[in-house]
Amino acid sequence: MSTQTLDRETTVRRFPRSVLVSAWAVPVMIIGQFAMLAVVPVALVLIGTLRDARFKALRWGAIALTAAYATPLALWAIGPERAQSLSKDMHPVFAAIIVAVGVAFAVACHVLPRKSRK
């Protein structure tokens, strides 16, 4: 049996698992009508992407996802007649935008490490 040592330059740099899972959880939670709970994965995506300098390319995507989520959240919080749930109060266009940005960010998380290898 031979043992191989891995060189740090040849190892593939991947996103933290928490960022990947959170990126896919945001659209799933919005579609599943758990929009208020989606604040946790949105925060994990933003913090995880901003903390690591290797992922500069996706910072704007994380910021866009946060802004897309924060807009209906702020409208719900400051609205005069707010529903008991953010999912019930959110306009379907906002939900579609959040899902689209979330899926685009999650796909970019998978594509970015492959492009950097070439």
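Residues numbered from 1 in each chain as written. Predicted model: local features only at pLDDT ≥ 70, side-chain atom pairs only at ≥ 80, totals over all residues. Heavy atoms only, no water.

Caption draft 1: Main features of unusual backbone geometry. Positioned with a positive phi, Q33 is a non-glycine residue whose angle comes to about 65°. Relative to the assigned elements, Q33 resides in the loop between helix 1 (17-31) and helix 2 (39-51). (Helix = DSSP H or I, 4+ residues; strand = E, 2+ residues; numbered from the N terminus.)

Caption draft 2: Local environment of the nonpolar core. If you look at the biggest cluster of nonpolar residues, it comprises 22 residues, and the most contacted ones within it are I30, Y69, I98 and F105. Among the elements of the structure, helix 1, helix 2, helix 3 (59-78) and helix 5 (92-117) are those that each provide at least two residues to this core. F105 has contacts with V19, A23, V45, T49, L58, G61 and A62, leaving out every residue within four places of it along the chain. (Core = buried A, V, L, I, M, F, W, Y, C linked by side-chain atoms within 4.5 Å. Buried < 20%, exposed > 50% of the residue type's maximum accessible area, 1.4 Å probe, protein only. Contact = heavy atoms within 4.5 Å.)

Caption draft 3: Main features of a nonpolar patch on the surface. Together, W24, V103, V107 and V111 give the surface a local cluster of nonpolar side chains, amounting to about 290 Å² of exposed area. Looking at which element gives the most residues to the nonpolar patch, the answer is helix 5, with three residues. Residue position: V111 is located in helix 5. Classification of V111 by relative accessible area gives partly exposed; the value is 35%. (Patch = residues over 30% accessible without salt bridge, like charges linked within 9 Å, V, L, I, M, F, W, Y side chains within 5 Å. Areas by Shrake-Rupley, 256 points an atom, 1.4 Å probe, with all protein chains shown as cover. Salt bridge = Lys/Arg side-chain N within 4 Å of Asp/Glu carboxyl O.)

Caption draft 4: Quick look at helix 3. Over its 20 residues, helix 3 runs 28 Å from end to end, which matches the ideal 28 Å to within 8%, given 1.5 Å per residue. For helix 3, the set of buried residues is A62, L65, T66, A68, Y69, P72 and W76. (Expected span 1.5 Å × (residues − 1).)

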